[in-house]
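Here is what each chain is made of, one letter per residue.
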Amino acid sequence: MDYKKSNSPLNTVTRDMVKMAEDSGNVYETVCIIAKRANQISMEMKHDLEKKLQEFASLNDNLEEISENREQIEISRYYEKLPKPTLIATQEYVEHKIHFRNPVKDKPNLD
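Below: a short report on this structure. (Residues numbered from 1 in each chain as written. Predicted model: local features only at pLDDT ≥ 70, side-chain atom pairs only at ≥ 80, totals over all residues. Heavy atoms only, no water.)

1. Some remarks on a nonpolar patch on the surface
Together, Val18, Val27 and Val31 make up an exposed nonpolar region whose accessible area comes to about 240 Å². Looking at the element boundaries, valine 31 is found in helix H2 (residues 27–54). Using a relative accessible area of 41% as the deciding quantity, one classes valine 31 as partly exposed. (Patch = residues over 30% accessible without salt bridge, like charges linked within 9 Å, V, L, I, M, F, W, Y side chains within 5 Å. Areas by Shrake-Rupley, 256 points an atom, 1.4 Å probe, with all protein chains shown as cover. Salt bridge = Lys/Arg side-chain N within 4 Å of Asp/Glu carboxyl O. Helix = DSSP H or I, 4+ residues; strand = E, 2+ residues; numbered from the N terminus. Buried < 20%, exposed > 50% of the residue type's maximum accessible area, 1.4 Å probe, protein only.)

Okay, structure coming up:
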């Protein structure tokens, strides 16, 4: 999923966790699913930002170049305005775009 085109809200939204947990059957498991997906999105966003900012890295930085790099500031501002990874992951979960499984529940019982 492209986090840049996400329709998730920019601000925190109150949600009914019990209703959200109907798919997994456990509120804690639902929170763990969303948290793991949020970590994946966060790592992807961080990697993309670092890759874009790498273009501006130079070996001989002087004070004038650092203070006047408008393009770098605009890129940073763009990423700051994106929805937070937790909000994106929650929206994906609500829209059933996250596929998950619990290996413990899928194991056959050998008792």
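What follows continues from the structure just given.
2. Let's talk about the packing of H2 against helix H4 (residues 70–81)
Between two packed helices, what matters for the description is the angle formed by their axes and the separation of those axes. Remark: H2 packs on H4, axes separated minimally by 10 Å, with the N-to-C direction vectors making an angle of 170°. One finds that H2 runs roughly antiparallel with respect to H4. Residues Met45, Asp48, Leu49, Lys52 and Leu53 of H2 touch H4, and the partners they reach there are Gln72, Ile75, Ser76 and Tyr79. Its residues assigned to classes, the contact of H2 with H4 shows five nonpolar, two polar and two charged. (Axes fitted to C-alpha atoms, helices over the stretch in contact; angles between N-to-C directions. Parallel < 35°, antiparallel > 145°, perpendicular 65-115°, else oblique. Contact = heavy atoms within 4.5 Å. Nonpolar A, V, L, I, M, F, W, Y, C, P; charged D, E, K, R; others polar.)

3. Re the packing of H2 against helix H5 (residues 85–94)
Across the interface, H2 lies against H5 with an axial gap of 8 Å and an inter-helix angle of 125°. By the angle class used here, H2 and H5 are oblique. Relative to H5, H2 is oriented so that their crossing is right-handed. For the pair H2 and H5, the contacting residues are Thr30, Ile33, Ile34, Arg37, Ala38, Ile41, Ser42 and Met45 in the first and Pro85, Thr86, Ile88, Ala89, Thr90, Glu92 and Tyr93 in the second. Along the lines of polarity and charge, the residues of the contact of H2 with H5 split into nine nonpolar, four polar and two charged. (Left-handed = near helix turned anticlockwise from the far one by under 90°.)

4. Here's the deal with the packing of aromatic side chains
Within the structure shown, the criterion is met by two aromatic pairs. Relative to tyrosine 79, the ring of tyrosine 78 has its centre 5.5 Å away and its plane inclined at 90°; by these criteria the two rings are edge-to-face. Given the relative accessible area of 8%, tyrosine 79 is considered buried. (Phe/Tyr/Trp six-rings, centres within 6.5 Å; stacked < 30°, edge-to-face > 60°.)

5. Some thoughts on the environment of asparagine 102
When you line up the elements, asparagine 102 lands in the loop between H5 and helix H6 (103–106). Along the primary structure asparagine 102 and serine 24 are separated by 78 residues, whereas in three dimensions their C-alpha atoms are 9.0 Å apart.

6. Some details on the pattern of salt bridges
Going through the model one piece at a time under the given rule, you end up with three salt bridges. Between arginine 77 and glutamate 74 there is a salt bridge, and its shortest N-O distance comes to 3.7 Å. Of the two residues, arginine 77 and glutamate 74 are both situated in helix H4; the distance of three residues between them amounts to about one turn of the helix. Judged by relative accessible area, which is 46%, arginine 77 ranks as partly exposed. According to the relative accessible area criterion, glutamate 74 is partly exposed, its value standing at 47%. The salt bridge partner of glutamate 95 is lysine 97, with a shortest N-O separation of 2.9 Å. Accessibility expressed as a relative area gives 44% for lysine 97, which makes it partly exposed.

7. Considering the environment of lysine 105
Mapped onto the fold, lysine 105 is located in helix H6. Assessed through its relative accessible area of 53%, lysine 105 is described here as exposed. For lysine 105, the contacting residues outside a window of four places in its chain are Ser24 and Glu29.

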